[in-house]
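Here is what each chain is made of, one letter per residue.
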Amino acid sequence: MTCRSIEPLLKRLGLAALLALAATACAGADKPEFTAAELSRIAAHGPWPLPWMADPGNRVSGNASAIRLGYALFFEPRLSANRRVACASCHDPARGFQDGRTVARGLVTGTRNTPGLLNVRHQRWFGWDGGHDNLWSASLRPILDPREMGGKASRVARVLRSKSTLDCHYAGAFGKRPDAGDPELLVNVAKAIAAWQETRGSPATPFDEFRDALQRGDAQTAAAYPAAAQRGLRIFVGRGQCATCHAGPLFSNGEFGDIGMPFFIKPNGVDPGRQGGIKRLLANPYNLLGAYNDDATRNNATGTKFLRPEHRNFGEFKVPSLRNLTLTAPYMHNGSLATLREVVRHYSELDEDRLHADGERILKPLHLSEEESSDLVAFLESLSPAAPLPAPVVPPIVAACR
Ligand code: HEC
Ligand code: HEC
C-alpha cells in the first residue's frame, strides 16, 4: 500500500491520530523511483542554460553597438504610426515578454496570442505558423505590419536621427548613418533589435536543479524537488508522451503539430496555421534564401530551401517551449486556455474524432485523475524560475557614443 492510498483509507476510518502519524511518515515518500529509461529521458531536457552562439545570418549578432541600439528601439513607441505602440507594449519584460492578453492588440486587435520572447534565439522557426525562418525578419514584420505598429522607413530613419546616441550606435554597428533611402535601413534596424533579443534568456529552474542533481547522483539536492512535480514529470516523459513534441532543453522540438485546438477565427475566418506560414515565408524577401542573409555559406538556409506547403500543414501550430509558463498565461496560439489546469484538461479529454481527422496520431485522451492533473501542473510550473526575474540589465552605451 502506498502513502497516497493509505491517507483516504485512514480518513474513511476516522483514525485521526494515525492520519497525523502517516502524514509525518509519508513526507518525502510517494516520489517515483525512476527507471533507467526515464532517467535518460529526463537528462535529455538539459543542461540549461544552453551555450551562447552567434547567429550566422545576422552580422551584428553579439555586437555591442547593435545590442544597445536594439534595446533602445524595442522600447521606442515613436516607430509606430500612432507613436504609441512599441515592441514592449505587447512583449512586456515583466511577463517574460508577453502581454497577458488572449490575443494581441496593437493598432488593431489581432487573432493570435503574443508569444514570450525569453530564449527566443534558440528557436528554429518564428511565429505560431513559422512564417519566419530567422529572428531579424520576425522582428521586422511587426514594425511594418499595419495591424501592429504600421511603421515605415522614413519614420524609422527620423527616429534614429533624432537622438545622437541612436544615430551613433547605428553607425557603430553598420558603418554608415541611417538613411531613409537605404534599402538596408529596415533590415539593419531589425538585426539590431534581434541582437538585443538574443541576450534575453531565462535562468535555471527547480526542474533543472533536480535534473542536474540526478546526473551527479546528489540525492540530497534531488529530494528538495517536490514529490508532486516528480510524479508529474513521470507522466510527462512517459504515459503523456509530452516529451515527443516538447523535447530537449527548450521543451520544444522546434516543429509544428495539430493538438486539436480550434483554428476558426470569429466571426467566420480560419487560421491555416503552418500551411499559411510556409507560403508567407517562401514569399518573404527577408527569408534566409534572400539577399539579406549574412551567412556566406548559406548552410542556415537548407531547411527553408526544401520547404513546401502541404495539406497536412493546415491547422498545425508551432510546438511552444514550456519554459517560463507561469509568466506567460494565457496559452495556445489563440490564447484560448487561461490556465495550466485547462491545458492539462485539454490533453486529458482530447476529442479523438477531431484528432483522427486532422491531428497527431500519437495523441490520445489521457483520462488523468484529479491528482494526476495536479501533479502534471506542478511539474509544468517547475519549468519556470522560482524567483521573479529581475528587470533586463540596460546594455551600456558604447564608449564612442558617450
Ligand atoms: C500588437 C502586439 C505586438 C507588437 C507591438 C509586437 N509583437 Fe511581436 N508578436 C506578437 C504576436 C501576436 C506574435 C505572434 C505572431 C504570429 O504567430 O504570427 C509575435 C511574434 C513575435 C516574434 C516571434 C516569436 C516566436 O516565438 O515565434 C518575435 C521575435 C517578435 N514578435 C518580436 C517583436 C519585436 C521585435 C517587436 C517590435 C519591433 C514586436 N514583436 C512587436 C505581438 C506583438
Ligand atoms: C503532437 C505534439 C505534442 C504533444 C504530444 C504534446 N504537445 Fe503540448 N503543444 C503542442 C503544440 C503544437 C502546441 C501549440 C498548439 C496551438 O497553439 O494550437 C502545444 C501547446 C502546449 C502548451 C501551451 C504552451 C503555451 O505557451 O501556449 C502546453 C502547456 C503544453 N502544450 C503542454 C503539453 C503537455 C503537458 C503534454 C503531454 C500531456 C503535451 N503538451 C503534449 C504539441 C504537442
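A brief structural summary. (Residues numbered from 1 in each chain as written. Chains lettered and ligands numbered in written order. Predicted model: local features only at pLDDT ≥ 70, side-chain atom pairs only at ≥ 80, totals over all residues. Heavy atoms only, no water.)

## Considering the state of the cysteines
Covalent bonding between the sulfur atoms of two cysteines is what defines a disulfide. Convention followed: Count a disulfide wherever a pair of cysteine sulfur atoms falls within 2.5 Å. Helix and strand labels come from DSSP, where a helix needs a run of H or I of at least four residues and a strand needs a run of E of at least two; each type is numbered from the N terminus. Throughout, exposure labels follow a simple rule: accessible area from a 1.4 Å probe, protein chains only, divided by the maximum for the residue type, with under 20% read as buried, over 50% as exposed, and the rest as partly exposed.
According to the stated counting rule, one finds one disulfide in the structure shown. Here C168 engages in a disulfide with C401; their sulfurs sit 2.1 Å apart. On the sign convention where negative means left-handed, the S-S torsion of about -85 degrees between C168 and C401 marks this disulfide as left-handed. Of this pair, C168 sits in helix α8 (residues 164–174) while C401 is found in the segment after α18 (370–381), placing the two residues 233 residues apart along the sequence. Judged by its relative accessible area of 10%, C401 falls in the buried class.

## Describing the site of ligand 2
Where we set the bar: One heavy atom suffices: a residue is near a molecule or strand as soon as one of its heavy atoms comes within 4 Å of it. Any pair of nitrogen or oxygen atoms within 3.5 Å is treated as a polar contact; in protein, a donor-acceptor pairing is required on top of that, and neighbouring residues in sequence qualify only through side-chain atoms on both sides. Each residue is assigned to one class: nonpolar for Ala, Val, Leu, Ile, Met, Phe, Trp, Tyr, Cys and Pro, charged for Asp, Glu, Lys and Arg, and polar for all the others, Gly among them.
With respect to spatial proximity, 24 residues lie near ligand 2, and among them C242, C245, H246, H333 and Y347 are the closest. With respect to ligand 2, the backbone of H333 contributes an N or O atom lying 2.7 Å from an oxygen atom. With respect to ligand 2, the side chain of Y347 contributes an N or O atom lying 2.8 Å from a nitrogen atom. When contributions to the shell around ligand 2 are tallied by element, the ones reaching two or more residues are α13 (242–245), β4 (317–318) and α16 (340–348). Class assignment for the residues of the shell around ligand 2 results in 17 nonpolar, five polar and two charged.

## Quick look at the environment of Q197
Test applied: Any pair of residues with heavy atoms lying within 4.5 Å of one another is described as a contacting pair.
Inspection of the secondary structure puts Q197 in helix α9 (residues 185–197). Separated by 188 residues in sequence, Q197 and P385 place their C-alpha atoms 19 Å apart. Q197 has contacts with F74, L117, V120, L135 and S139, leaving out every residue within four places of it along the chain.

## A short note on the coordination of the iron atom of ligand 2
The condition is simple: Only N, O and S atoms count as donors, using a 2.8 Å cut-off from the metal and 3.2 Å for Na, K and Ca, and because water is excluded some sites may appear unfinished. In these descriptions, tetrahedral denotes four donors with every angle between 85 and 135 degrees, square planar four donors and octahedral six donors with opposite donors over 155 degrees apart and the rest between 65 and 115, and irregular any other case.
Protein ligation of the iron atom of ligand 2 involves H246 (NE2) and Y347 (OH), the donor distances falling in the range 1.9 to 2.1 Å. Around the iron atom of ligand 2 sit six donor atoms, and with donor-metal-donor angles ranging over 89 to 180 degrees the site reads as octahedral. Of the two residues, H246 sits in the loop between α13 and β1 (256–257) while Y347 sits in helix α16, which places them 101 residues apart along the sequence. What makes H246 buried here is its relative accessible area of 10%.

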